[in-house]
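So the chains spell out like this:
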Amino acid sequence: MRYIYTAIYYLIMPFILIRLLWRSRHTTGYRKRWSERFGHIPRSIHNNNIWIHAVSVGETIAAIPLVNALIAQYPRYQFIVTTTTPTGSALVTKQLGNRVTHVYAPFDVPTAVLRFLKRARV
């Protein structure tokens, strides 16, 4: 089943990219940082990373207290927060600043996810 899902995801990837371009007509943030969605993120120099994913602004708002608590409890760890929207990205940057690293979540295909995991070292 996983192989079928992956094959379908790869087949619809052009349409996903077209959708991002379409959405970027009104929100230019959808045009930026595409490489992150394919797992191309800066390599982490830390071995102690915690990854927190929040899809939307609502989930980001809900996750901020958790992230703050984790930062306080685990000061030696680096935190990577992923979102899928430019508004989620802006909120992470505004609320958490440079205490976390924000990148867009990788597309759900093996090559992008594996690349992300290797570079994030989570």
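Up top you'll find the structure we're talking about.
Residues numbered from 1 in each chain as written. Predicted model: local features only at pLDDT ≥ 70, side-chain atom pairs only at ≥ 80, totals over all residues. Heavy atoms only, no water.

**Q** Lay out the layout of surface pockets in plain terms, naming residues and giving numbers.
**A** Looking at the largest pocket, its volume works out to about 290 Å³. Considering the residues around the largest pocket, the lining is formed by 15 residues, among which Tyr9, Ile16, Arg37, Thr84 and Phe107 are closest to the centre. Considering each element in turn, the lining of the largest pocket owes the most residues, five residues, to helix α1 (residues 2–23). Split by residue class, the lining of the largest pocket holds seven nonpolar, four polar and four charged. (1 Å grid on protein atoms, 1.4 Å probe; cavity = no way out; pocket = protein on both sides within 12 Å on 5 of 7 lines; lining within 4 Å. Points joined across faces, edges and corners; volume = space filled by probe spheres on them. Helix = DSSP H or I, 4+ residues; strand = E, 2+ residues; numbered from the N terminus. Nonpolar A, V, L, I, M, F, W, Y, C, P; charged D, E, K, R; others polar.)

**Q** With reference to specific residues and values, describe α1.
**A** The largest bend along α1 reaches roughly 45 degrees and is located at Ile12, with the proline Pro14 sitting one to four residues downstream. Restricting attention to buried positions, one finds in α1 the residues Thr6, Tyr9, Met13 and Leu20. Buried-residue contacts for α1 involve α2 (34–37) and α5 (110–120). (Bend = angle between axes of the 7 residues up to and from the residue. Buried < 20%, exposed > 50% of the residue type's maximum accessible area, 1.4 Å probe, protein only. Contact = heavy atoms within 4.5 Å.)

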